[in-house]
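# Chain and residue survey
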Amino acid sequence: MAALEDLVPHTERANPRTHGLDTASPSQLVQLLQECDLEIFQRDDKATAAEEHMTLFGESTIRLMTDVAAQAKIILENPENNAIVLSGCGTSGRLAFLVAKSFNKLLQDCGRSPCYTYVIAGGDKALITSQEAQEDQPELGSQQLREVTMDKKMILFIGITCGLSAPFVAGQLDMCLADPGRFTAVLLGFNPLSLARTTKVEGWHSSFAQVAERIHSRSISTTTSFLLNPLVGAEALTGSTRMKGGSATKVVLETVFLAAHTALNAGVAVSPSCVRECLLSYEAVHKTTYACSPSIAELVHRCGTSLQQAGHLYYLGWGTLGIVAMIDASECPPTFGADINDVRAFLHGGYQTLGIKEGDVSSKGQQFFLSHEDFKKNILPCLTDWDTVILIFTGDDDQLEVRCFAETIRARSPHISAIVHASSEQHLRGELESLFATIVKVTWPTISSHKMDHYLKIFHWELSTKWILNAASTGAHVAKGKVLHNFMVDLKVSNKKLFERALGILQKFTGQPRKECLKALLRCIYETEEISEETSNADISRHIQVIAHKEKVVPTAMVALLCDCSVTEARRLLSERRVIRDAIEHCLDLRRERTPIV
Ligand SMILES: O=P(O)(O)OC[C@@]1(O)O[C@H](CO)[C@@H](O)[C@@H]1O
């Protein structure tokens, strides 16, 4: 019989390496993230024998990526009439956007028409702020896919869902399967098929697993469907697929499309060796980035201090590195239950640089203010000593402009840091460097001036930036006490996947059966001690709507369970400690005292 842990999807498993994440020093934390990120590139021989193992470098993965690249090449041969659509929810959708944007630029640079497009659950505003609830809607997914492909002859659709779980993507895949004459469907994720989500999608005909199964069975006999699901190991912060899942998504997509474009330009077939070489180059990015571990740890320390003191983190980025920063910032509210103002990103050139379908959406509210000018106007005048500003740029950016901006900020606060990428030949001016209290300077080998190499270089810099910022924002929230061991206990329960995760966390830390945990969660959601039969049996979507307006629901339920007390009492106990982790540890201690081990 399978052990209980074997039934948990890989993307939801606790990584044994990071059990002590919550008490790690900044340098230990960076070391742990380095080890976890390296697991993305593990080889087959290191995978456990019991798994249906398929690692990134595994032969079957490379073959599959080559086959998908060959399909992409066919589409690219007629970009006016065909389309490559990348789609996902949350981080997966944001990366779909970024990759589509990059490859359209590459096409235009080669004098061809752009043919990549993206779909993200929640629309363009989900690129900037989290809109997690739409992840649960399969019909919305298919409707949006229909809209972007209406006038297209042949479509390569890649549905990204790290957990093999998002109903939004299931709806789109289902639509592709129904029209194999036009659509080639690729499902990209990081769980074995056997661990795809089996719960029935509310108001729909199938579960995600059933759709994934159909993709898989069709992939055996045709080239209209592919299941690309290498294993990359558990996340450092349990379930936080924005981290390794997101990084692996970026690596896989960019490798596939670079291989397709290379073959197209050379007029040859896509080769597995090109795919392999590209993957190896991404593996080297890991080494180059984490060679800067001491300065990354310094940055993590500074960011942690800021959030601990109720300060803010402000990312000010240039080019696509600024978009990577924007993605990192947008993930903090759903991942850490953070306030939207805790971590904010501003992009050089604002909406013009971003280039989204809906154009400038800043009129939707101040959380959509995005440009460096917006930062200067709205944030700079109120910057405090507890805030940290991080400038993110490269040796290709205008150093004079960066310096002027840095000086303006420096005049208000000494807490200005930088993440800089430059080739070994590019030198930062000393006067610019001296403006930063902390600087993560990533130095890269010089590359050829070939167009493809230029793009690959930018992709590498983006991934490196992603790793550094993921470390900064995760480390800062760990320092703020949001994490218990390697579980985020104050998550925002904004969709069904997160509802399930919340129940799992409650079960794990309280040792109570699922039924009791559900009852406690509902008591906290509805702020009542008596849960009616009707509420108990209501659809999860109803609970999620109510949670949207509540704070600290999961920690409150956990305290109520651990201390066997009312919701009001649990809220009072939580408010006695500034740090959630301390409050829960205290309750765990109290419980241990009450029930001594005999
Ligand atoms: O579909 P996936 O790729 O597994 O998860 C999508 C996603 O939105 O879900 C999480 C929150 O719901 C995010 O961290 C993540 O980006």
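Bear in mind the structure is a predicted one, so any value in this text is a computation, not a measurement.

Turning to the sheet that holds strand β7 (residues 343-347), a few remarks are in order. Read from one edge of the open sheet, five strands run β7-β6-β8-β9-β10, paired in parallel fashion. Each edge of the open sheet carries a strand with a single partner, namely β7 and β10 (438-444). Neighbouring strand axes in the sheet, compared pairwise and without regard to direction, differ in orientation by 15 degrees on average. Bridging between strand β9 (residues 416-423) and β10 involves seven bridges; their strand directions are parallel. Residue Ser-423 lies in a different strand from β10, and its bridge partner there is Trp-444. Of the strands in this sheet, β6 (313-317), β8 (388-394) and β9 are in contact with helix α13 (residues 399-410), which crosses β8 at around 175 degrees.

Moving on to the pairing of β8. Extensive coverage of β8 is indicated by the burial of seven of its seven residues. Of the two faces of β8, the one holding Thr-388, Ile-390, Ile-392 and Thr-394 and the one holding Val-389, Leu-391 and Phe-393 are both buried throughout. Both β6 and β8 contribute to a ladder of five bridges, which runs parallel. Looking at β8, one finds that Gly-317 is bridged to Ile-392. Across six bridges, the pairing between β8 and β9 is parallel. Residue pairing for β9: Leu-391 is matched across the bridge by Ala-418.

Taken together, 15 residues sit near the ligand, with Ser-92, Glu-132, Thr-161, Cys-162 and Lys-497 positioned nearest. At 3.2 Å from an oxygen atom of the ligand is found a side-chain nitrogen or oxygen belonging to Glu-135. Between the ligand and the protein, one listed contact pairs an oxygen atom with a side-chain N or O atom of Thr-161 at 2.7 Å. Surface burial for the ligand is 95%, taken as the share of its 400 Å² of free accessible area covered by protein chains. Comparing atom positions with the cavity grids shows the ligand to sit within the largest cavity.

Right, let's talk about the sheet that holds strand β3 (residues 155-160) for a bit. Pairing is parallel in the open sheet, where five strands are placed in the order β2-β1-β3-β4-β5. Looking at which strands have only one partner, the edges of the open sheet turn out to be β2 (116-120) and β5 (225-228). The average angle at which neighbouring strand axes cross in this sheet is 15 degrees, direction not considered. Across five bridges, strand β1 (residues 83-88) lies against β2 in parallel orientation. Residue Ile-84 lies in a different strand from β2, and its bridge partner there is Tyr-116. Packing against the sheet, helix α6 (residues 208-221) makes contact with β4 (183-188) and β5, and its axis sits at approximately 115 degrees to β5.

Turning our attention to the layout of surface pockets. By volume, the largest pocket is sized at about 1,100 Å³. Of the residues forming the lining of the largest pocket, the biggest block, seven residues, is contributed by helix α16 (residues 496-510). Across the lining of the largest pocket, the residue classes tally to ten nonpolar, eleven polar and nine charged.

A few words on the packing of helix α3 (residues 91-109) against helix α7 (residues 244-266). In contact at an axis separation of 10 Å, α3 and α7 are set at 25 degrees when each is read in the N-to-C sense. Judged by the angle between their axes, α3 and α7 are roughly parallel. Read as a crossing pair, α3 and α7 show a hand that is right-handed. Across from Thr-91, Leu-95, Val-99, Phe-103, Leu-106 and Leu-107 in α3, the residues of α7 making contact are Gly-246, Thr-249, Lys-250, Leu-253, Glu-254, Phe-257, Leu-258 and His-261. Taken together, the residues of the contact of α3 with α7 sort by class into eight nonpolar, four polar and two charged.

Before going further, it helps to spend a moment on helix α12 (residues 372-379). Structural remark: α-helix, 3.6 residues per turn; residues separated by three or four positions point the same way. Every buried residue belonging to α12 is among His-372, Asp-374, Phe-375 and Ile-379, and all of these are buried. End-on view of α12: buried residues confined to an arc of 150 degrees, all on one side of the axis. Here the buried face of α12 lies against β6, β7, β8 and α13.

Here a disulfide denotes one covalent bond, and it connects the sulfur atoms of two cysteines. Overall, the coordinates contain zero disulfides when judged by the stated rule. We note that Cys-565 lacks a disulfide partner, and the nearest cysteine sulfur, in Cys-563, lies 5.2 Å from it. Residue Cys-565 is classed as buried on the basis of its relative accessible area, which comes to 14%. As a non-bridged cysteine, Cys-587 has Cys-563 as the owner of its nearest cysteine sulfur, 3.4 Å distant.

On to empty space enclosed by the protein, then. In the structure shown here, the tally under the stated rule is five cavities of 30 Å³ or more. What the largest cavity holds in volume is close to 410 Å³. In this structure, the largest cavity is lined by 29 residues; those nearest its centre are Glu-132, Gly-239, Thr-241, Arg-242 and Lys-497. Counting residues per element, the ones that place at least two in the lining of the largest cavity are α3, α10 (319-336), β12 (487-488) and α16.

This part takes up the environment of Met-175. Along the chain, Met-175 falls in helix α5 (residues 167-177). Since its relative accessible area comes to 14%, Met-175 is described here as buried. In this structure the C-alpha to C-alpha distance between Met-175 and Ser-536, which are 361 residues apart in sequence, comes to 33 Å. In this structure, Met-175 is in contact with Ser-142, Leu-145, Arg-146, Thr-149 and Phe-183, ignoring residues within four places of it in sequence.

What follows deals with the packing of aromatic side chains. To describe a pair of aromatic rings, you give the distance between the ring centres and the angle between the ring planes. This model, assessed by the stated rule, comprises 14 aromatic pairs. Taking 5.0 Å as the distance between ring centres and 80 degrees as the angle between the ring planes, the aromatic pair formed by Phe-97 and Tyr-118 counts as edge-to-face. Within this pair, whereas Phe-97 is found in helix α3, its partner Tyr-118 is found in strand β2, the two being separated by 21 residues in sequence. Tyr-118 shares its class with Phe-97; the two are buried. Between the aromatic rings of Tyr-455 and Phe-459, the centroid separation amounts to 6.3 Å while the plane-to-plane angle is 55 degrees, which identifies the pairing as tilted. Of this pair, Tyr-455 and Phe-459 both sit in helix α15 (residues 451-479), four residues apart, which is roughly one turn of the helix. Judged by its relative accessible area of 1%, Phe-459 falls in the buried class. Members of the aromatic cluster, joined through ring pairs, are Tyr-314, Trp-318, Phe-346, Phe-375, Phe-393, Phe-405 and Phe-436.

Cut-offs used in this document
Residues numbered from 1 in each chain as written. Predicted model: local features only at pLDDT ≥ 70, side-chain atom pairs only at ≥ 80, totals over all residues. Heavy atoms only, no water. Pairing = 2+ DSSP bridges. Helix = DSSP H or I, 4+ residues; strand = E, 2+ residues; numbered from the N terminus. Axes fitted to C-alpha atoms, helices over the stretch in contact; angles between N-to-C directions. Contact = heavy atoms within 4.5 Å. Buried < 20%, exposed > 50% of the residue type's maximum accessible area, 1.4 Å probe, protein only. Near = heavy atom within 4 Å. Polar contact = N/O pair within 3.5 Å; in protein donor to acceptor, adjacent residues only side chain to side chain. Areas by Shrake-Rupley, 256 points an atom, 1.4 Å probe, with all protein chains shown as cover. 1 Å grid on protein atoms, 1.4 Å probe; cavity = no way out; pocket = protein on both sides within 12 Å on 5 of 7 lines; lining within 4 Å. Sits in = over half its atoms within 2 Å of the grid points. Points joined across faces, edges and corners; volume = space filled by probe spheres on them. Nonpolar A, V, L, I, M, F, W, Y, C, P; charged D, E, K, R; others polar. Parallel < 35°, antiparallel > 145°, perpendicular 65-115°, else oblique. Left-handed = near helix turned anticlockwise from the far one by under 90°. Arc of directions from axis to C-beta. Disulfide = S-S within 2.5 Å. Phe/Tyr/Trp six-rings, centres within 6.5 Å; stacked < 30°, edge-to-face > 60°.

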